[in-house]
Amino acid sequence: MDKRKDSDANPTKNSTTAERKSDRELVVTRTFNGPAQILFDAWTKPELLKRWWMPKSFGVSFLSCETDVRTGGTYRFVFSHPSAAEPMAFVGRYLEVTAPTRLVWTNDEGEEPGSVTTVTFEERAGETLVVVHDLYPSKQALDDAIASGSASWSGDQFEQFDQLDQLLVSLEPNVGKRPA
Amino acid sequence: MVQYREPALDTAFSALSDPIRRGVLEQLGRADASITYLAEKFRMTLTGMKKHVGVLEQAGLVSTEKIGRVRTCRLGLRGLEKEAEWIEGYRKLWAERFDDLDKIVEELNQKEKTHGQKKR
C-alpha cells in the first residue's frame, strides 16, 4: 500500500522558482513527482486543466474550457467571478504540440501581439521538471506588464485584488496586454 | 529570494564604477538635487552631469523628474524593488496553481499504478 495515498499530506512539496531571465523573458520552474505524460495531460485535457489552472483563492470559476491541442489549434478559457458583470475569456493558438515534452501557445486577448508561452516537460527518474517560459514581444511589453501588475500583487493575499480586470489579466502569463 | 536578472546587475555595477557617479549617489542620499546643482557641486558641465545622471537612471539607481524647467534627481531603487515584488507575486500565483496540480499528478499516478498492476 502506498503511503502517499492522501493528497493532503504533501511532505515532498517542491519549490517554485520565478525569474526575469532577460528583458523579454519570464521563466517559472517546478518539479513534480510523476511522469511527463501525466503532466502533459494535465496541461492539455480540459477536465484536468479546470481543476488547477485557477488558484482557488481567486474565487473565480470556469464557465468553459476548450482546447484543440494540435499545432494551429486554438484554446479558449472562459471565467466568471461573483463581482464581474461579464465573463472573461483567455484565448490563443497552439504553435507547437509535441506530446509529452513540449507545448507552445500564444496569448491573444489584447489588441497588440501578446507573449508566447513555451512549456517543457523534462522527465528524469520518474520526476518531471516543468519549465514555463514567457517571451514578450518587446522589453517595453514586459516592463508595462510589471508596471501595471505591481499594484495588484499585495504580497501574500491574492484575495485583496480590488479590480477584477486586473486580477484576470494577471492570471495569464501575458499580463501586459490590458484591454484598451 | 528573487534573483535579479543579470543585465540589470551589470548595468548597476558599471554605473557604480565611476567615482563621480558614486559621489552623486552620496549627495542624493542627503537630499534630492537638480542637475544644475549637481553639475556645480562636482564642477562639471551641465552636459557632463546629464550623462552621468543618465547612466545612473539607466541602472535604476536614480530617478529624475522634470518640474517646470528644473530636472530633479533622487535616489530611486524603486524600479528594481517593484519588479522583484511583482515577480514574487507572479511566483506565488504559479506556486498556488502547482500545489493543486500536484494533487492531480498524485491521483493520476495512483490510477496508473492500479491499472499497471491489473495488467500484470
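Everything that follows concerns the structure shown earlier in this document.
First, a word on scope: everything that follows refers to the structure included in this document. In every chain, residue numbers begin from 1 and rise along the written sequence. Chain letters and ligand numbers both follow the written order, the letters beginning at A and the numbers at 1. Side-chain atom pairs in this predicted model are given and counted only at pLDDT of 80 or more, local residue features only at pLDDT of at least 70, and totals for whole chains, interfaces and linings cover all residues. Here the side-chain values reflect all heavy atoms present in the structure, with hydrogen atoms and water set aside.

The helix and strand inventory of chain B stands at five helices and three strands. Comment: elements are numbered from the N terminus, with helices defined as DSSP H or I runs of at least four residues and strands as E runs of at least two. Scanning chain B from its N terminus toward the C terminus, one meets helices and strands in the order α-α-β-α-α-β-β-α. Within the span of chain B, comprising 120 residues, buried residues form 43% of the whole. Working definition of accessibility: Shrake-Rupley area with a 1.4 Å probe, residue cover restricted to the visible protein chains. Accessible surface, chain B as shown: approximately 7400 Å² in total, 52% of it carbon and sulfur. Burial classes: relative accessible area under 20% of the type maximum marks a residue as buried, over 50% as exposed, and values in between as partly exposed (1.4 Å probe, protein chains only).

So, on to the nonpolar core. Note on terminology: a nonpolar core comprises buried Ala, Val, Leu, Ile, Met, Phe, Trp, Tyr and Cys residues joined through side-chain atoms within 4.5 Å. Among the nonpolar cores identified, the biggest contains 45 residues, and A:Trp43, A:Trp52, A:Trp53, A:Phe77, A:Phe121, B:Phe98 and B:Leu101 are the most heavily contacted of them. Top contributing element to this core by residue count: helix α5 (residues 78-119) of chain B, with 10 residues. Any two residues having at least one pair of non-hydrogen atoms within 4.5 Å are treated as being in contact. Those residues in contact with A:Trp52 that sit more than four places away from it in its chain are A:Ala42, A:Trp43, B:Arg97, B:Phe98, B:Asp100, B:Leu101 and B:Ile104. Ranked by size, the runner-up nonpolar core spans 15 residues in total, among them B:Ala15, B:Val53, B:Leu56 and B:Leu61.

The subject of this paragraph is the environment of B:Glu107. On the secondary structure map, B:Glu107 appears in helix α5. Assessed through its relative accessible area of 33%, B:Glu107 is described here as partly exposed.

It is worth spelling out the packing of aromatic side chains at this point. Only Phe, Tyr and Trp rings take part, Trp by its six-membered ring, and two of them pair if their centres are within 6.5 Å. Stacked means planes under 30 degrees apart, edge-to-face means over 60, and tilted covers everything else. By the definition in use, this model includes 21 aromatic pairs over all chains. A ring is scored as having a charge over it whenever the NZ atom of a lysine or the CZ atom of an arginine sits within 6 Å of its centre and within 35 degrees of its normal. The positively charged end of A:Arg30 is found above the aromatic ring belonging to A:Phe32, 4.7 Å away from the centroid. A cation over an aromatic ring shows up here: B:Arg97 above the ring of B:Trp94, its NZ or CZ 4.4 Å from the ring centre.

Residues and elements named next belong to chain B. Judged by pairing direction, the sheet is antiparallel, and its three strands sit side by side in the order β1-β3-β2 without closing on themselves. Each edge of the open sheet carries a strand with a single partner, namely β1 (33-34) and β2 (62-67). Pairing of β2 with strand β3 (residues 70-75) involves six bridges; the strand directions are antiparallel. In the strand pairing of β3, Thr-64 is matched with Cys-73. Note on geometry: axes are C-alpha line fits, over the in-contact stretch for helices, and angles between N-to-C directions span 0 to 180 degrees. Along the sheet, helix α4 (residues 46-58) contacts β2 and β3; its crossing angle with β2, the most-contacted strand, is approximately 120 degrees. When DSSP finds at least two bridges between two strands, those strands are taken to pair.

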